[in-house]
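Close look at the chain arrangement
Okay, here's what each chain looks like letter by letter:
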Amino acid sequence: MWGFFKGDKKGKDERPADSSTEALTSTDVETQEVQPEAPAGTIEGSAGRAQAPAGTGQASAKTPEAPAKTGWVGRLKAGLTATREKFGNQVSSLLGRAGRIDEELYEELETLLLSADVGVASTEYLINETRKRVAKERIDDPARLKEVLKEALLSIVEPVSHPLELGMQRPYVLLVAGVNGCGKTTSIGKLAKFFQSQGKSVMLAAADTFRAAAVEQLRTWGERNNVQVIGQQGGDPAAVVFDALQSAQAKGIDVLIADTAGRLPTQLHLMEELRKVKRVISRAMPDAPHEVMLVLDAYTGQNALAQVKAFDDALGLTGLTVTKLDGTARGGTIVAIAKYNPIAVRFIGVGEGIDDLRPFNARDYVDALFD
């Protein structure tokens, strides 16, 4: 088997007396350059482009093309093409040419699983489960291993397939975290649209005050979705969320989504700031936040496991959103995460389109890896 490497601040968390928090609405355009409206079903403009890697501070200049008018399952299969070619198709090819089930076949299968970033623990489990089924059912045809493997994969990811269900709280507070470049702010814009499609009113809190463009990026999403954005440039993140929560309560908003600063798990001072935001929310509304969601970039592969651990230790995660599955062959990362730390996977993203972020369905995901 391959190897695998793997004090709260004292003082009151009060809102600053001189806070200049302001509501950024769709009519507050002032000196901002107005971007042309994107065609239905596509994401364009500064807020909609795929976020650049950490440290660049700029979005990609590439404008995505409009996705084909297909159903979600079709878009999911198209989005997982790279992973399927690296994993599913190669598994089918391996099993199709194998004359018998032997140790050499298991070793090749193990290599394919690891290359798709399924993870060491998941790979061990899948190989062991396959061996057990072969022995128990006396399977001697390698072609039958494909269905055995699919069922074993499903047994890993199905327990984390729990779409987000909004409770009776009003507002329902969703705190979103993630490292720079993971697609966090873009995902928030898409989530706002998703909740609106369910007939919910939405407000956004632009608490990512560490990145200069973050407030403007979220503001653009607010304009596109006709959603109010509460924020201030360079202000205290906890104060921004506090003001947004009070405003959402006063206006009877159904869902408040709070964007937080992108940070690495090693940036301890910023992780502490994130804890402070959560404490302030809890003091203003005792049972909030109702969902603490981490956005993960599928490109990061096994590094996603470290991110999950760090943010879960700091915040107590209740859900995950995995983005950019369409641009990587590491779509097996979801399997690795599900085995390593079974936190509910709420949404997955397989494209730039506004409808390409959807609730995670384990069966559809496993089928898309092979078919």
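Residues numbered from 1 in each chain as written. Predicted model: local features only at pLDDT ≥ 70, side-chain atom pairs only at ≥ 80, totals over all residues. Heavy atoms only, no water.

1. Concerning the overall build of the protein
- Within the protein, the regular secondary structure consists of 12 helices and 9 strands.
- Per-residue burial for the protein yields a buried fraction of 53% across its 371 residues.
- Counting every atom, the protein has about 16,600 Å² of accessible surface; 49% of that belongs to carbon and sulfur. (Helix = DSSP H or I, 4+ residues; strand = E, 2+ residues; numbered from the N terminus. Buried < 20%, exposed > 50% of the residue type's maximum accessible area, 1.4 Å probe, protein only. Areas by Shrake-Rupley, 256 points an atom, 1.4 Å probe, with all protein chains shown as cover.)

2. Considering the nonpolar core
- With 85 residues, the main nonpolar core has Val157 and Ile257 as its most contacted residues.
- Among the elements that line this core, the one with the most residues is helix α5 (residues 145-157), at 8 residues.
- Those residues in contact with valine 157 that lie beyond four places of it in its chain are Ile334, Val335, Ala338, Phe360, Ala362, Tyr365 and Val366.
- Counting residues in hydrophobic clusters, the runner-up holds 20 residues, among them Val173, Leu175, Ile253 and Ala288. (Core = buried A, V, L, I, M, F, W, Y, C linked by side-chain atoms within 4.5 Å. Contact = heavy atoms within 4.5 Å.)

3. Side note on helix α12 (residues 362-370)
- Along α12, the residues classified as buried are Ala362, Tyr365, Val366, Ala368, Leu369 and Phe370.
- Of the surrounding elements, those touching the buried residues of α12 are α1 (72-79), α2 (81-97), α5 and α11 (333-340).
- Backbone nitrogen of arginine 363 and a side-chain oxygen of the N-cap are separated by 3.1 Å at the start of α12; the cap is asparagine 361. (Polar contact = N/O pair within 3.5 Å; in protein donor to acceptor, adjacent residues only side chain to side chain.)

4. Section: α5
- Here α5 contains 13 residues, and its C-alpha end-to-end distance of 19 Å stays within 8% of the 18 Å for a straight helix at 1.5 Å per residue.
- Among all positions of α5, only Leu145, Val148, Leu149, Lys150, Ala152, Leu153, Leu154, Ile156 and Val157 are buried.
- The secondary structure elements touched by the buried residues of α5 are α2, α3 (103-115), α4 (120-137), α11 and α12. (Expected span 1.5 Å × (residues − 1).)

5. Some thoughts on the pattern of salt bridges
- Across all of its chains, the model carries 19 salt bridges by this definition.
- A salt bridge links glutamate 137 to arginine 133; its shortest N-O distance comes to 2.5 Å. With a gap of 4 residues between them, glutamate 137 and arginine 133 both fall in helix α4, about one helical turn apart.
- A salt bridge links lysine 184 to aspartate 259, with the nearest nitrogen and oxygen atoms 2.6 Å apart. Highlighted residues: lysine 184 in helix α6 (residues 184-197) and aspartate 259 in strand β5 (residues 255-260), separated in sequence by 75 residues. Grouping residues by exposure puts lysine 184 and aspartate 259 together as buried.
- Here the residues in one salt-bridge network are Arg133, Glu137, Arg144 and Glu151, joined through shared partners. (Salt bridge = Lys/Arg side-chain N within 4 Å of Asp/Glu carboxyl O.)

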